Number of protein chains: 2
Amino acid sequence: MTTSADIDDREEGLAFQPKFDGSGLVTCVATDAATGDVLMVAHMNDEALRKTIATGEAWYFSRSRNALWRKGESSGQTQRVVEMRIDCDQDAIWIRVEQAGAACHTGRRTCFYRKVEAGAGGSRLSLVDADRLFDPAKIYRK
Amino acid sequence: MTTSADIDDREEGLAFQPKFDGSGLVTCVATDAATGDVLMVAHMNDEALRKTIATGEAWYFSRSRNALWRKGESSGQTQRVVEMRIDCDQDAIWIRVEQAGAACHTGRRTCFYRKVEAGAGGSRLSLVDADRLFDPAKIYRK
């Protein structure tokens, strides 16, 4: 049973007690420490979180590959963690990072390279910050 | 069946086709348009997303209350959307907002008011940007 004392403790206390979801994950937002841009939104399991804290480099858990993953292990595009924060209910992590090259597997600096805008026939996307810093076909060799 | 042509289209195309999870939600990160700080991580269903785009104010879907929710409707702490972006696989939204007052229900400007740091006996939290801009007991009257 979750009591209001538990909630107070999780929200106001200084004990690190991440609240993993049913799949054992928390959401992690990585922003560029220099510009404040959101680079990516991904997930961490307990091990990814521990390794990130211990090494100062970002580790994630890939839901599609069902595997722990050191950011940049195949691409070289690593993330050095400048600061880690946790939110009020401790189910989301924010890391400010120094990104080597591009965060996105498509080769862009950020995964958020498209803007959403209202249009007459519904919402449309337009490219923004969409230059590729690397060619994914060359980086992710099968 | 999801083909690689579908993936290419979702990642490289300019059609807005948000990928909702099994609960009908996408993750939304709101950052402060002025400072780049992450204010909160929340969720949007299709209706919240449409209303946000149509009105220019942030709407979310509360998983705990199982209800659509206009940010600030009880607290007055609204968010005006300056820009909306979507990520590569279209399952996460980033909004840059002008935040009226505080984003967090605890009264802080951001939900991320605690820093995570490695310590000898495990990770610990410390307060940062943790001043309260309002008293939650007064704002959220029962």
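Each remark here, short or long, concerns the structure printed above.
Reference entry: report on the structure contained in this document. Position labels on residues start from 1 in each chain and follow its written sequence. To read the labels, note that chains go from A and ligands from 1, taken in the order they are written. Where local features are concerned, this predicted model is filtered to residues with pLDDT of at least 70; where side-chain atom pairs are given and counted, the filter is 80 or more; whole-chain, interface and lining totals use all residues. Neither water nor hydrogens contribute to the side-chain values; these are computed over all heavy atoms in the structure.

Note on contacts: a residue pair is in contact if any heavy atoms of the two residues lie within 4.5 Å. With 47 residues of chain A in contact, the opposing surface of chain B contributes 46 residues. Two parts placed together each lose some accessible area under a 1.4 Å probe, and adding up what both lose gives the buried area. Taking both partners together, chain A and chain B bury about 4,000 Å²; carbon and sulfur atoms supply 58% of that area. Of all residues in chain A, the largest losses of buried area upon contact with chain B belong to Leu14(A), Phe112(A) and Arg114(A), amounting jointly to 17% of the total for that side. By definition here, a salt bridge exists when the distance from a side-chain nitrogen of Lys or Arg to a carboxyl oxygen of Asp or Glu is within 4 Å. Where chain A touches chain B, the interface holds 10 salt bridges. With a shortest N-O distance of 3.9 Å, Glu83(B) and Lys115(A) are connected by a salt bridge. The term polar contact refers here to a pair of N or O atoms within 3.5 Å; inside protein, the definition further demands a hydrogen-donor-capable atom paired with an acceptor-capable atom, and it admits residues adjacent in sequence only when both atoms are side-chain atoms. Summed over the shared surface of chain A and chain B, the result is 32 residue pairs in polar contact (both at pLDDT 80 or more). Every element with two or more residues in the side of chain A that touches chain B is listed here: α1 (4-12), β1 (26-32), β2 (38-44), β5 (79-86), β6 (92-99), β7 (114-117) and β8 (124-127) of chain A. Side-chain classes are defined by residue name, with Ala, Val, Leu, Ile, Met, Phe, Trp, Tyr, Cys and Pro counting as nonpolar, Asp, Glu, Lys and Arg as charged, and the others, Gly among them, as polar. A per-class count over the side of chain A that touches chain B returns 22 nonpolar, 10 polar and 15 charged. Helix and strand labels come from DSSP, where a helix needs a run of H or I of at least four residues and a strand needs a run of E of at least two; each type is numbered from the N terminus.

Residues and elements named next belong to chain A. All of the buried residues in helix α2 (residues 46-55) are Ala48, Leu49, Thr52 and Ile53. Taken down its axis, α2 places every buried residue within 130° of arc, on the same side. Relative to its buried face, α2 has exposed residues pointing more than 90 degrees away, namely Arg50 and Ala54. At the exit of α2 stands Gly56, carrying a positive phi of roughly 75°. Three labels apply to residues, based on accessible area from a 1.4 Å probe with only protein chains included: buried if under 20% of the type maximum, exposed if over 50%, partly exposed otherwise in between. The directions from the helix axis to the C-beta atoms form the arc being described.

Turning to the pairing of strand β3 (residues 59-62) of chain B, a few remarks are in order. Residue and element names in this part refer to chain B. Because side chains alternate across β3, one face comprises the buried residues Trp59 and Phe61, and the other comprises Tyr60 and Ser62, equally buried. Pairing of β3 with strand β4 (residues 67-70), which is carried by 4 bridges, proceeds in the antiparallel orientation. Counterpart to Trp59 in the pairing with β4 is Arg70. In this analysis, strands are considered paired if DSSP registers two or more bridges between them. In sequence, β3 turns back onto β4 through a hairpin of 4 residues, with Asn66 there showing a positive phi of about 50°.

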